[in-house]
Amino acid sequence: MIEVLAKLGRGPVFLAGEMLECVITFTNPLSVSSTSASSEMLAWASAQIHCQFHASENRVALPPSDGSKHDVQAENETVFVPNRGERGQCILSTPPKILFCDLRLDPGESKSYSYCETLPIDGPPSFRGQSVKYVYKLTIGCQRVNSPIKLLRVPFRVLVLHGLKDYQFPQDEAVAPSNPFLEEEEGLKKDSRLADLATELLMAATSRRSLHLYNISNTRGKVGTFCIFKTVYKIGEDVIGTFNFSEGDIPCLQMEESIQEEFQRRRGQPVSYSTHARHQEACLHTAQSSFSLPIPLSSTPGFTTNIVSLKWRLHFEFVTSGESAGTCVVRGSQSEAVTWTGVEQIEVDTFSWDLPIKVLPTNPILASYVSQFSSTNSITI
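Calculation rules
- Residues numbered from 1 in each chain as written.
- Predicted model: local features only at pLDDT ≥ 70, side-chain atom pairs only at ≥ 80, totals over all residues.
- Heavy atoms only, no water.
- Helix = DSSP H or I, 4+ residues; strand = E, 2+ residues; numbered from the N terminus.
- Buried < 20%, exposed > 50% of the residue type's maximum accessible area, 1.4 Å probe, protein only.
- Patch = residues over 30% accessible without salt bridge, like charges linked within 9 Å, V, L, I, M, F, W, Y side chains within 5 Å.
- Areas by Shrake-Rupley, 256 points an atom, 1.4 Å probe, with all protein chains shown as cover.
- Salt bridge = Lys/Arg side-chain N within 4 Å of Asp/Glu carboxyl O.
- Pairing = 2+ DSSP bridges.
- Axes fitted to C-alpha atoms, helices over the stretch in contact; angles between N-to-C directions.

K.L.:
Explain unusual backbone geometry here, please?
P.N.:
Where the residue is not glycine, phi is negative for most of them; where a peptide bond is considered, it is trans in most cases. Its identity as a non-glycine residue notwithstanding, Asp 102 has a phi of 55 degrees, on the positive side. Position of Asp 102 among the secondary structure elements: in strand 6 (residues 97-105). Exposure remark for Asp 102: the relative accessible area of 55% places this residue in the exposed category. One non-glycine residue, Asn 146, lies in positive phi territory at about 60 degrees. Locating Asn 146 in the fold gives a position in the loop between strand 9 (132-143) and strand 10 (150-159).

K.L.:
What's the story with a nonpolar patch on the surface in this structure? I'm lost.
P.N.:
Taken together, the side chains of Ile 365, Leu 366, Tyr 369 and Val 370 present a nonpolar region at the surface, about 410 Å² in accessible area. Here Tyr 369 shows up in the loop between helix 3 (364-368) and strand 21 (376-380). For Tyr 369, a relative accessible area of 68% translates into the label exposed.

K.L.:
I keep staring at the sheet that holds strand 1 (residues 3-8) and nothing clicks. Help me out?
P.N.:
For sheets, the rule is that strands pair by backbone hydrogen bonds, running either parallel or antiparallel. Ordered in space as 7-3-1-21, the four strands form an open sheet in which the pairing is antiparallel. In the strand order of this sheet, the two ends are held by strand 7 (110-118) and strand 21, each with one partner. The average undirected angle you get between the axes of adjacent strands in this sheet is 15 degrees. Judged from the five bridges that link them, strand 1 and strand 21 form a sheet pairing that is antiparallel. Opposite Leu 5, over in strand 21, you have Ser 378 as the bridge partner.

So far we have only geometry, and geometry alone does not tell us how the molecule works.
Rendered as structure tokens:
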């Protein structure tokens, strides 16, 4: 029996273009109850990253796939196929890397191997929507002699930040800040600079503030004014706005998932909406109000591929009265107690308004704290 343990050192969330590093440990455990401990032998082990795409058959019409492709691992058990048994299509994969060949482990012995690979910068982000899914996994395959291949899959999340792909790092390394007391590998140095660049780009895009005023009106005239100071946010931030109005409102934070026209199952197919935050407030006789809607760190920033487009919006529903609700005025000289009771029925009008906003990724280390994926995965073979 051999235990295989894979651990992502920095957490399970990465930016596209970053270096993923995983330490894979193979152990022949020394059991106390075992009377005849013996050495264990593995023929080989390999690792590869792939992105699996799955589409809803009721919503997405994909072009016919090549029927000549088949599961080669089912016929030849020495071939490493990372996405064997997975649903959907493998739309992206990195070259496989061999970790070792002919590994012998004595009882109680363990050996670790480091797998490093740069995530493709032109791939889609991780996304689980109502119509499509993009799922990233690191798959480690290993095999005993004359035994089937065992696969250990390590799921992780990928965030995509536009602008990193076109950035060119300076050729003169002397101008880049460095620590003379530390020796860094070239790949790790570039990866660190990529994360710093992403942080700078996100700060520059989301720190700009300017006053945006919107007049809210219905058929009877102006209802109020909505004020917001920016329309570009990172996941994990709060959307804060204020209202100057005379009646009620219900603001919502929604995600809009739409399939590109050529891949729609039916022409004029409706857009799918997912609500991530709600706020409801009764504002009768209130002149001003405000709201704060958090953007979850687990949510997916806006993106566009050849199949699906994801956008964010603030969705508002206003309920306004057609007639005055009535007020009660108590004179200062009046000594008797007065009770005012609200009307039982009132004529109202309901209308909605949508404000598009832009949602960007955030620092992947911050997103790792709330990730549903574990940094450590293991199997026993």
